[in-house]
Amino acid sequence: MDLHEAKSFEGKGHTIPMGRQHLFLWEKAPHAAPLGTILFVHGSSMASTPGFDLQVPGRPEASPMNWFASRGFNTWCFDCRGYGRSSKEPDIVATIDEGAEDAAAASEYIMSRSATGPLLVYGISSGALRAALFTQRHPDRVRRLALDAMVWTGRGSPTLEQRTKNLAKWRETTRRPIDRAFLNSIYERDLPGTGLDELIQPFIEQCLELDSSVPNGTYIDMCVNLPVVDPRSILVPTVIMRGEHDGIASLDDLVEFFKLLPNNDKQITVTPGVAHSSFRQKNFLMVYQTLLGFFMRPPKVYG
């Protein structure tokens, strides 16, 4: 199959209880028996479906869920509480800890419906921290873990340095507004021109259809509470993915994290020409290919 090629798949929504709240999950399944099940975990400023099932007419490959379902994977994402079609009560802060709880609830539901065994988990930005903390707590539920645009301690991150200047404002409320200008700034703050406008504008539209504000929890965590994950407690095979121009993830910070991962089935990949939001970059197919190669890697047979 050509790297660009993808088919469109029909999605199915699921709603599960989280105490008095609820969690929304979105599924796209292949037409044949799946090779495995991927769980995508979103970041701080958008719900899951714009990022992982982006709809662009004539471009099914714009949706990672379509692209991976075309290659035989069952694909799922979910809206953390406070986002999208999950519960959005005003008191929901959506910390990284709470996002890891949401991932655990989603994984339990998915694995009860799937015979493919432990999940292939991908998280981006604060979603990488959510995914890593979930994996730290539930290693038996994760076959392979992909951490994209992650930050560990925050050292050397120009984006977090700038973000900390607004910390007092975010602590005054549980939510912050998002609009077209803010979402567009995600693609301008690192290196303008790396993003693909054909994907960015539909992404912005689809984000704003679901949310006009998002919780502050992950922003606060990433400014003052890092590290929230212990790499020595992540026992599963792991890939760390960083865009060449990403202003969140300092390469030195990630290398130190990588060194402490105990499972030697691990890799760290820097993708050229890519900034922070990797699935809407001009080189997004490189990101897909890295992820596919890691998820398809066979287990070792010797040594």
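Residues numbered from 1 in each chain as written. Predicted model: local features only at pLDDT ≥ 70, side-chain atom pairs only at ≥ 80, totals over all residues. Heavy atoms only, no water.

(A) Structural detail: the environment of isoleucine 110. Of note, isoleucine 110 is situated in helix H3 (residues 96-113). Classification of isoleucine 110 as buried rests on a relative accessible area of 1%. Expressed as a C-alpha distance, the spacing of isoleucine 110 and threonine 37, which sit 73 residues apart in the sequence, is 8.7 Å. (Helix = DSSP H or I, 4+ residues; strand = E, 2+ residues; numbered from the N terminus. Buried < 20%, exposed > 50% of the residue type's maximum accessible area, 1.4 Å probe, protein only.)

(B) Expanded view of the packing of aromatic side chains. This model, assessed by the stated rule, comprises 18 aromatic pairs. Their ring planes at 25° and their centres at 6.3 Å tell us that phenylalanine 24 and tryptophan 26 sit as a pair that is stacked. Here phenylalanine 24 and tryptophan 26 have matching classes, each one buried. Each ring, one from phenylalanine 40 and one from tyrosine 122, has its centre 5.8 Å from the other, and the planes form 65°; the classification is edge-to-face. On the criterion of sequence distance, the pair formed by phenylalanine 40 in strand S3 (residues 36-41) and tyrosine 122 in strand S5 (residues 119-124) is long-range, its members being 82 residues apart. Per residue, the accessibility class of phenylalanine 40 equals that of tyrosine 122, and both read buried. (Phe/Tyr/Trp six-rings, centres within 6.5 Å; stacked < 30°, edge-to-face > 60°.)

(C) Expanded view of the packing of H3 against helix H4 (residues 126-137). Between H3 and H4, the least distance of the axes is 8 Å, while the angle of their chain directions is 65°. Crossing geometry of H3 relative to H4 is assigned as right-handed. Residues Ile96, Asp97, Gly99, Ala100, Glu101, Ala103, Ala104 and Ser107 of H3 lie in contact with H4, whose contacting residues are Leu129, Arg130, Leu133, Phe134 and Arg137. In terms of residue class, the contact of H3 with H4 is built from seven nonpolar, two polar and four charged. (Axes fitted to C-alpha atoms, helices over the stretch in contact; angles between N-to-C directions. Left-handed = near helix turned anticlockwise from the far one by under 90°. Contact = heavy atoms within 4.5 Å. Nonpolar A, V, L, I, M, F, W, Y, C, P; charged D, E, K, R; others polar.)

(D) Summary view of the sheet that holds strand S4 (residues 73-79). Sheet architecture is open: eight strands sit in the order S1-S2-S4-S3-S5-S6-S9-S10, paired in mixed fashion. In this open sheet, the two strands that pair with only one neighbour each are strand S1 (12-18) and strand S10 (266-271). For this sheet, the mean angle separating the axes of adjacent strands, direction not counted, is 20°. With seven bridges joining them, S1 and strand S2 (residues 21-28) adopt antiparallel strand pairing. (Pairing = 2+ DSSP bridges.)

(E) Representation of unusual backbone geometry in the model. Of the consecutive residues leucine 226 and proline 227, the connecting peptide bond is found in the cis state with omega at 0°. Tracing the chain through its elements places proline 227 in the loop between helix H9 (217-225) and strand S9 (238-243). Even without glycine at this site, alanine 94 takes up a positive phi of about 60°. Relative to the assigned elements, alanine 94 resides in the loop between S4 and H3. Taking relative accessible area as the criterion, alanine 94 reaches 3% and is therefore assigned buried. The phi torsion at serine 125 lies on the positive side, around 60°, for a residue other than glycine. Its relative accessible area of 11% is what places serine 125 among the buried residues.

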